[in-house]
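# Coordinate inspection notes
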Amino acid sequence: MKILIELPTWLGDSVMTTPAIENLANAFNDSRITLIGSFIAIKALKNHPKVTKTYVLDKKYINLVKFAHKLEDFDIFFSFRSSFRSKFLIFLISATNKYQFDKKKYNKGHQVEKYNNFVNSSLGINTKANKLALHIEKDNFAHKKKLLGINPGATYGSAKRWYPEEFANVVISLSNEYDIVIFGGPAEKEFAKEIELYLLKKNINNFVNLAGKTSISELINKISKLDLFITGDSGPMHLAAAFQIPTVSIFGPTNYKETSQWMNQKSKILTKNLDCQPCMKRVCPLVHHKCMRTIKSLDVLNAVEALN
């Protein structure tokens with residue numbers, strides 16, 4: 001069975017498809033999967049044992065046409081994206097059966113359940129969404145103390161970001177027990193640098209700032225080695241869930257009922273549950289940003305304590 005899968009664009013969304021993809025792959029004993037999607041999504045999921053080929057998609061329509069014409073025929077095409085561009089691609093792809101995720105149709109429950117229900121209804125099966133599944137090539141990341149990872153950035157927008165000084169205060173309080181790794185993408189280096197400067201002012205030196213310095217594969221591998229993770233609603237948060245890393249997740253404008261860590265028993269969610277939450281905006285529309293501003297380092301430290 002030759003299966004073509006278009007992955008979501010974002011890292012977190014791609015990771016949340018993995019229970020559905022596992023069920024899809026297991027529905028056919030002889031399944032051979034080709035993945036297409038963004039560079040980030042492909043890098044995160046390419047090591048699945050049933051994946052035989054991967055392609056990074058170009059967003060330009062003319063290049064999609066050229067790509068589709070060169071692609072082989074498939075038995076099934078699943079697109080986990082609901083965009084018009086994906087609808088255009090479905091028209092071009094040669095496959096016996098084609099299915100596209102519809103966010104208006106699958107609008108209840110956690111995002112993992114939405115993706116899994118999409119596969120179930122498309123194939124007429126009834127499988128449960130199990131744990132997130134990432135297949136990685138492990139390497140050594142030596143450390144003497146336990147490892148605390150913090151992920152202060154948020155690709156979606158500034159409204160999802162907790163404050164550098166508060167992150168630093170948490171790290172300072174835990175620095176005797178943990179060595180610290182600061183994560184972040186290339187666009188988040190300045191944010192991570194602010195935390196670094198706070199730590200240096202307090203003579204905290206047992207940290208490494210990896211913001212903008214890791215590939216996706218390296219990011220996955222290093223998160224898999226952590227003993228504790230503190231993060232906002234982000235792609236790395238879902239990576240940690242896949243490895244059952246004890247995690248404190250800080251939620252502001254987004255809906256934790258839809259995008260919190262999936263099936264991680266070692267997870268604590270911090271949110272203030274204000275009347276304006278979740279607004280789902282990139283920038284606070286009320287300007288005050290209370291959903292994040294009122295969460296303090298002590299709240300996070302209490303959540304860490306509750307995990308132990």
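Residues numbered from 1 in each chain as written. Predicted model: local features only at pLDDT ≥ 70, side-chain atom pairs only at ≥ 80, totals over all residues. Heavy atoms only, no water.

With that settled, consider empty space enclosed by the protein. Scanning the entire structure with this criterion turns up 1 cavity of 30 Å³ or more. Taken as a whole, the largest cavity holds about 100 Å³ of empty space. In terms of lining residues, the largest cavity is bounded by 13 residues, among which Thr18, Leu45, His48, Ala133 and His135 are the most central. Of the residues forming the lining of the largest cavity, the biggest block, 3 residues, is contributed by helix 2 (residues 18–26). Residues that form the lining of the largest cavity fall into these classes: 7 nonpolar, 4 polar and 2 charged. (1 Å grid on protein atoms, 1.4 Å probe; cavity = no way out; pocket = protein on both sides within 12 Å on 5 of 7 lines; lining within 4 Å. Points joined across faces, edges and corners; volume = space filled by probe spheres on them. Helix = DSSP H or I, 4+ residues; strand = E, 2+ residues; numbered from the N terminus. Nonpolar A, V, L, I, M, F, W, Y, C, P; charged D, E, K, R; others polar.)

The next thing to look at is a nonpolar patch on the surface. On the surface, a nonpolar cluster with roughly 270 Å² of combined accessible area is contributed by Phe39, Ile40 and Val56. Note that Ile40 resides in helix 3 (residues 39–45). Judged by its relative accessible area of 35%, Ile40 is partly exposed. (Patch = residues over 30% accessible without salt bridge, like charges linked within 9 Å, V, L, I, M, F, W, Y side chains within 5 Å. Areas by Shrake-Rupley, 256 points an atom, 1.4 Å probe, with all protein chains shown as cover. Salt bridge = Lys/Arg side-chain N within 4 Å of Asp/Glu carboxyl O. Buried < 20%, exposed > 50% of the residue type's maximum accessible area, 1.4 Å probe, protein only.)

Inspection of the sheet shows strand 2 (residues 32–37) paired to strand 3 (residues 51–56) by 5 bridges, in the parallel sense. Considered in strand 3, the bridge of Leu35 is made with Thr54. Note that the unit made of strand 2, helix 3 and strand 3 has a crossover that is right-handed. (Pairing = 2+ DSSP bridges. Right-handed = clockwise from strand over helix to strand, strands pointing away.)

Attention shifts here to the sheet that holds strand 5 (residues 95–100). As summarised here, the arrangement of the 5 strands in space is 3-2-1-4-5, forming an open sheet in which the pairing is parallel. If you trace the sheet from one side to the other, it starts and ends with strand 3 and strand 5, each paired once. When the angles between neighbouring strand axes are averaged without regard to direction, this sheet yields 15°. Taken together, the 4 bridges between strand 1 (residues 2–6) and strand 4 (residues 74–79) define a ladder with parallel strand orientation. Bridge pairing links Leu4 to Phe77 in strand 4. Its contacts with the sheet put helix 6 (residues 111–123) on strand 4 and strand 5, and the angle it makes with strand 4 is roughly 145°. (Axes fitted to C-alpha atoms, helices over the stretch in contact; angles between N-to-C directions. Contact = heavy atoms within 4.5 Å.)

A word on the sheet that holds strand 8 (residues 207–209). Across the sheet, which stays open at both edges, the 6 strands sit in the order 8-7-6-9-10-11 with parallel pairing between neighbours. The open sheet has two edge strands, strand 8 and strand 11 (267–270), and neither has a second partner. Across the sheet, the mean angle separating the axes of adjacent strands is 15° when strand polarity is ignored. Pairing analysis gives 4 bridges linking strand 10 (residues 247–250) to strand 11, with the strands arranged parallel. When the bridges of strand 11 are listed, Val248 appears paired with Lys268. Against the sheet, helix 7 (residues 164–174) contacts strand 6 (146–151), strand 7 (178–182) and strand 9 (228–232), and its axis sits at roughly 175° relative to strand 6.

Moving on, we come to the pattern of salt bridges. In this structure the tally under the stated criterion is 9 salt bridges. Of the charged contacts in the structure, one is a salt bridge between Lys53 and Glu72, with a shortest N-O distance of 3.0 Å. You can see Lys53 sitting in strand 3 and its partner Glu72 sitting in the loop between helix 4 (61–70) and strand 4, a full 19 residues away along the chain. Looking at Lys53, the relative accessible area reads 38%, which means it is partly exposed. Between Asp299 and Lys272 there is a salt bridge whose closest N-O contact spans 3.7 Å. Highlighted residues: Asp299 in helix 13 (residues 297–307) and Lys272 in the loop between strand 11 and helix 12 (290–293), separated in sequence by 27 residues. Of the residues examined, Asp299 reaches a relative accessible area of 24% and is grouped as partly exposed. Among the ionic contacts, a cluster of salt bridges with common partners joins Lys2, Lys53 and Glu72.

Further remarks concern the side chain of Ser175. Tracing the chain through its elements places Ser175 in the loop between helix 7 and strand 7. A distance of 2.9 Å separates a polar side-chain atom of Ser175 from the backbone oxygen of Ile172. Excluding residues that lie within four positions of it along the chain, Ser175 makes contacts with Lys145, Ile180, Ile204 and Asn206. (Polar contact = N/O pair within 3.5 Å; in protein donor to acceptor, adjacent residues only side chain to side chain.)

Our focus in this paragraph is the layout of surface pockets. Size it by volume and the largest pocket reaches roughly 1400 Å³. For the largest pocket, the lining is made up of 48 residues, of which Trp10, Leu11, Gly12, Asp13 and Lys160 are closest to its centre. Elements that contribute at least two residues to the lining of the largest pocket include exactly helix 1 (11–16), helix 6, helix 9 (216–223), helix 10 (235–242) and helix 11 (256–259). It is helix 1 that contributes the most residues to the lining of the largest pocket, 4 residues altogether. Taken together, the residues that form the lining of the largest pocket break down as 18 nonpolar, 20 polar and 10 charged. If you add up the space inside the second largest pocket, you get close to 170 Å³. Lining the second largest pocket are 13 residues, with Thr9, Leu57, Lys59, Arg81 and Arg85 sitting closest to its centre. Counting residues per element, the lining of the second largest pocket draws most heavily on helix 5 (residues 84–92), at 3 residues. The class makeup of the residues in the lining of the second largest pocket is 4 nonpolar, 4 polar and 5 charged.

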